[in-house]
Amino acid sequence: MPSLPLIYVFQDADDMAPALADYVLSAQTAALQRHDAFKIGVSGGSLVANLNKALLHDPKVEWGKWHIFFADERLVPLDSPDSNYGLLKSGLLDQLPEGTPQPIVHGIDVTKLDDSLEIADAYEKDLIKSFAAKDSVRLPAFDLLLLGCGPDGHTCSLFPGHELLRENIAWVAPIEDSPKPPPRRITLTLPVVTQSLRIAFVAVGESKAPVLKTVFENPEEGLPCSLVNEGARGKVTWFVDTPAVKGVAVQKKEYKPSNL
Ligand SMILES: O=C(O)[C@H](O)[C@@H](O)[C@H](O)[C@H](O)COP(=O)(O)O
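Let me begin by describing the structure that accompanies this report. Every chain's residues receive numbers from 1 upward, in the order its sequence appears when written. Thresholds applied to this predicted model are a pLDDT of at least 70 for local features of residues and 80 or more for the giving and counting of side-chain atom pairs; totals over whole chains, interfaces and linings are not thresholded and use all residues. Only hydrogens and water are set aside when side-chain values are computed; all heavy atoms of the structure are taken into account.

Regarding the overall build of the chain
Then step 1. Put simply, DSSP H or I for four residues or longer makes a helix, DSSP E for two residues or longer makes a strand, and each gets a number counted from the N terminus. Counting its regular elements, the chain contains seven helices and eleven strands.
Then step 2. Restricting the calculation to C-alpha atoms gives the radius of gyration, and the globule rule supplies 2.2 Å times the number of residues raised to the power 0.38. Relative to the compact-globule value of 18 Å for 260 residues, the chain shows a C-alpha radius of gyration of 17 Å, a close match.
Then step 3. Within the chain, counting contacts between residues at least 6 apart in sequence, those at least 24 apart form 77% of the total.
Then step 4. A total accessible area of about 11700 Å² is found for the chain, and carbon and sulfur atoms account for 53% of it.
Then step 5. Only four residue types enter the tally: Lys and Arg on the positive side, Asp and Glu on the negative side; His and the chain ends are excluded. By convention, the point assigned to a charge is CZ for Arg, NZ for Lys, CD for Glu and CG for Asp. If the 25 positive side-chain charges of the chain are averaged to one point and the 34 negative ones to another, these points end up 5 Å apart. Residues count as neighbours in contact if any of their non-hydrogen atoms are within 4.5 Å of one another. Only the protein chains shown count as cover for residues, with accessible areas throughout obtained via the Shrake-Rupley method and a probe of 1.4 Å.

Considering the site of the ligand
Then step 1. To be near a molecule or strand, a residue needs just one of its heavy atoms within 4 Å of it. Neighbouring residues of the ligand: 15 residues in total, closest Ser46, Asp72, Arg74, Cys156 and Lys208.
Then step 2. Throughout this description, a polar contact denotes any pair of N or O atoms lying within 3.5 Å of each other; where both atoms belong to protein, one of them has to be capable of donating a hydrogen while the other can accept it, and for residues adjacent in sequence the pair is counted only when both atoms sit in side chains. Between Ser43 and the ligand, the recorded distance is 3.4 Å, taken from a side-chain N or O atom to an oxygen atom.
Then step 3. With respect to the ligand, the side chain of Asn84 contributes an N or O atom lying 3.1 Å from an oxygen atom.
Then step 4. Expressed as a share of its isolated accessible area of 420 Å², the protein-covered part of the ligand is 90%.

Describing the packing of aromatic side chains
Then step 1. Two rings from Phe, Tyr or Trp (for Trp, the six-membered ring) form a pair when their centres are within 6.5 Å of each other. A pair whose planes differ by under 30 degrees is stacked, one over 60 is edge-to-face, and the rest are tilted. Counted according to the given criterion, the structure contains 14 aromatic pairs.
Then step 2. Taking the centre distance of 4.9 Å and the plane angle of 75° together, the rings of Tyr8 and Tyr255 count as edge-to-face. Note that Tyr8 is positioned in strand β1 (residues 6-10) and Tyr255 in the segment after β11 (252-253), a separation of 247 residues in sequence. Side by side, Tyr8 and Tyr255 carry an identical accessibility label, which is buried.
Then step 3. Seen from their ring centres, Phe10 and Phe239 are 6.1 Å apart, and the 10° between their planes marks the pair as stacked. Linking Phe10 in strand β1 with Phe239 in strand β10 (residues 236-241), this pair joins segments that are 229 residues apart in sequence.
Then step 4. Overall, the relative accessible area of 9% leaves Phe10 in the buried class.
Then step 5. In textbook terms, an aromatic cluster arises when at least three aromatic residues are bridged by ring pairs, as seen for Tyr8, Phe10, Tyr23, Phe239 and Tyr255.
Then step 6. Sitting over a ring, as applied to charges here, requires NZ of Lys or CZ of Arg to be within 6 Å of the ring centre and within 35 degrees of the ring normal. Lying over the aromatic face of Tyr23, Arg198 brings its terminal NZ or CZ to 5.8 Å of the ring centre. Any residue under 20% of the maximum accessible area for its type is buried, any over 50% is exposed, and the rest in between are partly exposed; the area is computed with a 1.4 Å probe on protein chains only.

Things to note about unusual backbone geometry
Then step 1. The step from Pro181 to Pro182 runs through a cis peptide bond, and the omega angle for that step is -5°.
Then step 2. Structurally, Pro182 can be placed in the loop between β7 (172-175) and β8 (185-188).
Then step 3. Backbone geometry at Asp36 places phi at a positive 55°, although glycine is not the residue there.
Then step 4. Within the element layout of this structure, Asp36 appears in the loop between α1 (13-35) and β2 (38-42).
Then step 5. Taking relative accessible area as the criterion, Asp36 reaches 49% and is therefore assigned partly exposed.
Then step 6. With phi around 50°, Cys156 is a residue other than glycine that occupies positive phi space.

So, the packing of α1 against helix α2 (residues 47-55)
Then step 1. The contact between α1 and α2 brings their axes to 8 Å, and the two run at 75°. On the basis of the axis angle, α1 is roughly perpendicular to α2. Here Ala13, Asp14, Ala17, Leu20, Ala21 and Val24 of α1 come into contact with α2, specifically with Asn50, Leu51, Lys53, Ala54 and Leu55.
Then step 2. Under the scheme applied, nonpolar residues are Ala, Val, Leu, Ile, Met, Phe, Trp, Tyr, Cys and Pro; charged residues are Asp, Glu, Lys and Arg; polar residues are all the others, including Gly. Broken down by class, the residue content of the contact of α1 with α2 amounts to eight nonpolar, one polar and two charged. Note on method: axes are straight lines fitted to C-alpha atoms, helices fitted across the in-contact stretch only, with angles between N-to-C directions ranging 0 to 180 degrees. Should an angle fall under 35 degrees it is taken as roughly parallel, and over 145 as roughly antiparallel, whereas 65 to 115 is taken as roughly perpendicular and any remaining angle as oblique.

Next comes the structure, spelled out in structure tokens:
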């Protein structure tokens, strides 16, 4: 596998959708061969709409075997417009054709919203149960992690320069001072992110170009997305559109479908 991230550039989100579907499905196939479940982590933001475009009507998606975790979650009720769980549900899962087996979705414990540490610990225990016990590995290894890249280079709720970037004990950490509202969240930590078997970023639109320039041309600045590119060398793929990488010096590759 190449050590630099693979960067696939598409005209727009519609043009990207079939390739993103193919990529997710090949991760699904590999996972189901390994352990008869597809353990996937997703972020919020525009990713959900892009997944909807890619996967909603694809009969090859075995939703009933998916275990969906959140790369980060905001400490808000599930029906809040800020909830990543709520976004995934309304933006994708509720729209699946009738009769589609539902995935298992691992949300946060909303009965403890005033205690971010307790929520993070409970989420970590869920990961221990879902991964470590069966696979006997120290860190959980998601079959696939699908992430976004914020305009400041954050991913999950790992923000540039934040002390959480140095967290190397907890798998899931609370954050009380997120620069992007809402301020109280939980997030996977960097070692868990980079342990994933595959990681894909999806970044669409011209507003991404300035930050992607820094992520790819100045990785030494240590933006969280660059840290993932570096820490998970050989396992990272970027799905972007042309405006997102306008003026960015990256080596673009043409997506080759996996013949599923
Ligand atoms: O909870 C969050 O804040 C999101 O998970 C966040 O990490 C998101 O992925 C990026 O901000 C990119 O968002 P967009 O793709 O919408 O720009």
